[in-house]
Amino acid sequence: MKSLRIFTFLLLCSLLSYGQSLSVSGIVTDVDNNPIEFANVIILNEDESEIIKGTSTDDNGFFNVINLEANTYILKISYIGFEDFDQKIILKGNLDLKTIQINEVSESLDEVSILVKKPTIKREADRLVFNIEKTALVEGNMLQVLKSTPGVLVIGDEITVKNSNPTVYINNRRVNLSSEDLNQLLIGSSANTIKSVEVITNPSARYDAESGVVINIIMSKNLITGYRGSVFASYTQGIFPRYTAGTSHFFKNEDISLNMNYSYSKDKINREGDDTVNFLNNSNELDQSWRSFTNRNTWSETHNLNTNFDYFINDNNTLSISSNALYLPYFKYKIANNTVISEANGDFSSRFTSDNLSRDNKYNLAFDMDFNHKFTKSELMVNAHYTTYNYERNQDVISNFFDENNAFINPDAFNTNNNQGTNIFAGKIDYSLPINNSSNFEIGLKFSSTNTESDITQFDVDLNTGNETIDALNSDAFNYDERIYAAYTNYDLSIEKWSINAGLRVEQTNIEGESPLTNINNTQDYLEWFPNASLQYNISNEYNVYANYKRSIARPSYADLNPFSFFLNDNYVVSGNPFLVPTLTDHIVLGTSITKYFTFEAYYQNFDGAISEIPRQDNTSNVIKYISVNFDKSVDYGFDFITNFDVTDRWSIYAVTSFYNFEEETDFGQGFETKNQWSNYSVMQNDFTLLKDNSLNISFTLTWAGKSLQGFQTIEDRLFSDLAISKTILNKKGIISLSASDLFNMQDADSSVRYQNQFSFRHADFDNRYVRLGFRYKFGNTKLNSNARAIDTEERERLEKKIDN
């Protein structure tokens, strides 16, 4: 490790001597040579799919866009009442365009501000970019956006992409949250500041090795000097009403840029369950059938705050401080259960009821500090990250038991107190060097440390006296310490018809887990290498073929390793597994694009030691335990067809259909069990922009998830449906929105388990059928100086729309 550090340091020192920073400057005037102040100057990449830089002209009409790399760009200059100026520039050195004259137009403002809606979806070799800015989807919450993102499936708290759980990033910063807390964050966060969602199926070596698939949520920022803000509120009617309100603010001048988004949500969410467990005798014949009717209600109040502050120290140095805060001062979880026990012949045997009430208090605070230095050609980025997470839960459970005559026998009760504190520290350094116009080299180092201390105490309650006695067998403590050391290098090259990207990441992982009361210790120490590569050959402008390969890791989470047992009632328990090992995944993709409208892919994924939480019934004790296990073999392969096109200039369609086979194999102690299932996953998304002023946007998405296999459970067919409508009002300062989900009531999950001595059925009725009504009001302007040529808020917003589109 010492030699590696010395080598990396010397390599960085040598690389830092390279590079040069380039600029584009000029003066914008009208035909009478009068300077135009506040004209927008935008630098885009060659295909105009991405804004690289943006600025405004000063009172002399002068602009200077700096810190550009040698490349080919599109320069766009626009100002209300004048024709747009577009020019392709090939930047090899500092470029002075001298004087640029733009011509006035004779049409009125309304006539020149007709908007052309940019493509909603852009398909790239390693990712899908889902642009939602200025669409109806931004009027919902972040989770609603993910549900509408092609390739992303959201069921309950679980987010999946092609049978994998993705790592979620916001503005290229990883979100360190459990699936439940991440879901809470996304539900409580407004989507009105989202620019796009990137589904990265082949992340480069720059990303953590755990990032087999990445969902990167890109938030919008002010490109132009000034201030803008908004306030918003929404009402959602599911089974119970839900409320959300918040505000967003953006400010930028020559020295600083500040973004702040806050939202508050108050929710009550319902879930119904109908589960049947068939307990078997030694001959695997039916002994008893336990059918449970469960009603779950969750009450919560959530505060979300995220901020980003950029300080432009000078032309080459930027310091950024950002934070994401999730605070739940009120969280109540109530489960009401009635379990009916029948004999093999169907006769009633007995029953019991259980009432489980939990109250939580938790927060998750994440902070990042970034320093970016641009050399004359290369770039150095340094990041420091800290997350603190605190969780407290008090649980009260009371059960009542009834005999074969349905007469009350006796009650049983217990309480639990659970506390958890987690601290995450991380630091990384990334260096990027464009070697020439067609190639780029990256190198980086990262260190992360996760420390968690938790305890659980269970008390048996005497309902006659109210006395509580500690249940030592179900009380415990768990301390967990994880350290990861990582280094990577990545190289990409684009020459003539070839595009090549290759990278290698190495990670050393040290884990110590200790449960002092049960004497369970878990020590893991391993070094793994993670190569990735992609190759694309452009046969012509209309056709290409490509291949991708990536190796990644999925480490068991702290919650998976925690040996605690959480009892929902006396017979249903959720337990961790301290003996889990990480999953290593190899992912291969072969694909071709035919014109810009059609893409075909074939893929193969092999999961070595896949981790899955599965229900296991004990036919002797009649206990159902949900526990995470490693499977010996999991293989996923299939074929995808993707198309994206405009039916008209106001109607665009994205469609995908995937046929895939998923196979699982493991030994449960009674010999190897193998299951496989062919499935179909299809999406049809329609986006409309209507009315003369393009002020009405509609998005309608249908997602079909065919019968599939997941954790040795067979999941039946489901149809997901989402509709989002938005209309600008009040001179385009206000937006009213309406959205609905599960229009056809076909999103509920039916699953079954049948192998060896396991035999059960489950129906989950999620509270995902709702109607949401929202309103957002925008205010502010994008100018800081008062001037006769300055434009008002409405004009600036129209101009922004032309820039964005």
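Keep in mind that this is a model prediction, so the values were computed, not measured. (Residues numbered from 1 in each chain as written. Predicted model: local features only at pLDDT ≥ 70, side-chain atom pairs only at ≥ 80, totals over all residues. Heavy atoms only, no water.)

Student: Let's hear about the overall build of the protein: which residues, and what values?
Tutor: For the protein, the helix and strand inventory stands at six helices and 46 strands. Restricting to contacts in the protein with at least 6 residues of sequence separation, those with at least 24 account for 65%. (Helix = DSSP H or I, 4+ residues; strand = E, 2+ residues; numbered from the N terminus. Contact = heavy atoms within 4.5 Å.)

Student: For the packing of aromatic side chains, give the residues involved together with the corresponding values.
Tutor: Enumeration over the complete set of coordinates arrives at 25 aromatic pairs. Where Y169 meets Y207, the ring centres are 5.4 Å apart and the plane angle is 85°; that geometry is what we call edge-to-face. In this pair, Y169 sits in strand β12 (residues 167-170) while Y207 sits in the loop between β14 (194-200) and β15 (214-219), placing the two residues 38 residues apart along the sequence. Accessibility expressed as a relative area gives 12% for Y207, which makes it buried. A ring pair is formed by F352 and F401, whose centres lie 5.6 Å apart and whose planes are at 35°; its orientation type is tilted. Linking F352 in strand β21 (residues 348-374) with F401 in strand β22 (residues 379-402), this pair joins segments that are 49 residues apart in sequence. The exposure class assigned to F401 is partly exposed, which follows from its relative accessible area of 22%. Within the aromatic cluster, the residues linked to one another by ring pairs are F279, W290, F352 and F401. Above the ring of F250, the side-chain terminus of R228 is found at 4.1 Å from the ring centroid. (Phe/Tyr/Trp six-rings, centres within 6.5 Å; stacked < 30°, edge-to-face > 60°. Buried < 20%, exposed > 50% of the residue type's maximum accessible area, 1.4 Å probe, protein only. Lys NZ or Arg CZ within 6 Å of the ring centre and 35° of its normal.)

Student: Could you give an account of the side chain of H373, naming the residues involved and the relevant values?
Tutor: Relative to the assigned elements, H373 resides in strand β21. Among the polar contacts made by the side chain of H373, one reaches the side chain of N317 at a distance of 2.5 Å. When neighbours within four sequence positions are excluded, H373 is seen to be in contact with N316, N317, S378, E379 and L380. (Polar contact = N/O pair within 3.5 Å; in protein donor to acceptor, adjacent residues only side chain to side chain.)

Student: Kindly report on the sheet that holds strand β35 (residues 623-630), identifying the contributing residues and their values.
Tutor: If you walk across this open sheet you meet the four strands as β30-β31-β35-β34, and the pairing is mixed. Both edges of this open sheet fall to β30 (565-567) and β34 (611-618), since each of them pairs with a single strand only. With strand direction ignored, the average angle separating the axes of adjacent strands in the sheet is 25°. The pairing of β34 with β35 spans eight bridges and is classified as antiparallel. Each residue of the ladder has a partner; that of D618, found in β35, is V623. (Pairing = 2+ DSSP bridges. Axes fitted to C-alpha atoms, helices over the stretch in contact; angles between N-to-C directions.)

Student: Account for the environment of G226, naming residues and giving values.
Tutor: Among the structural elements, G226 can be located in strand β16 (residues 226-237). Judged by relative accessible area, G226 falls into the buried class, the value being 0%. Here the alpha-carbon distance between G226 and E254, two residues 28 residues apart in the chain, equals 9.7 Å.

Student: Residue-level account of the pairing of strand β42 (residues 718-729), with values.
Tutor: Pairing of strand β39 (residues 696-705) with β42 involves 10 bridges; the strand directions are antiparallel. Directly across from T701, in β42, lies its bridge partner D722. Where β42 and strand β43 (residues 734-741) come together, eight bridges link them in antiparallel fashion. Looking at β43, one finds that D722 is bridged to S741. Hairpin geometry of β42 and β43 is characterised by an intervening segment of four residues between the two adjacent antiparallel strands and by a positive phi of about 55° at L730.

Student: Summarise the pattern of salt bridges; cite the residues concerned and give the values.
Tutor: One pass over the structure, following the stated rule, counts 17 salt bridges. In this structure, R555 engages E507 in a salt bridge whose closest nitrogen and oxygen atoms are separated by 2.6 Å. Of the two residues, R555 sits in the loop between β29 (543-554) and α5 (558-561) while E507 sits in strand β27 (residues 498-515), which places them 48 residues apart along the sequence. When its relative accessible area of 3% is taken as the criterion, E507 is described as buried. Across the pair R551 and E528 runs a salt bridge whose closest N-O atoms are separated by 3.3 Å. Note that R551 is positioned in strand β29 and E528 in strand β28 (residues 520-538), a separation of 23 residues in sequence. Each of D208, E210, K446, R505, E507 and R555 takes part in a single network of salt bridges with overlapping partners. (Salt bridge = Lys/Arg side-chain N within 4 Å of Asp/Glu carboxyl O.)

Student: Can you break down the sheet that holds strand β7 (residues 95-101) residue by residue, with the values?
Tutor: What the three strands build is an open sheet, ordered β4-β1-β7; its pairing is mixed. The sheet terminates laterally at β4 (62-68) and β7, the two strands that pair on one side only. On average, adjacent strands in this sheet sit at an angle of 15° to one another, irrespective of strand direction. In this sheet, β4 lies alongside strand β1 (residues 22-29) in antiparallel orientation, the contact comprising five bridges. Its bridge partner lying in β4, L22 is registered against L68.

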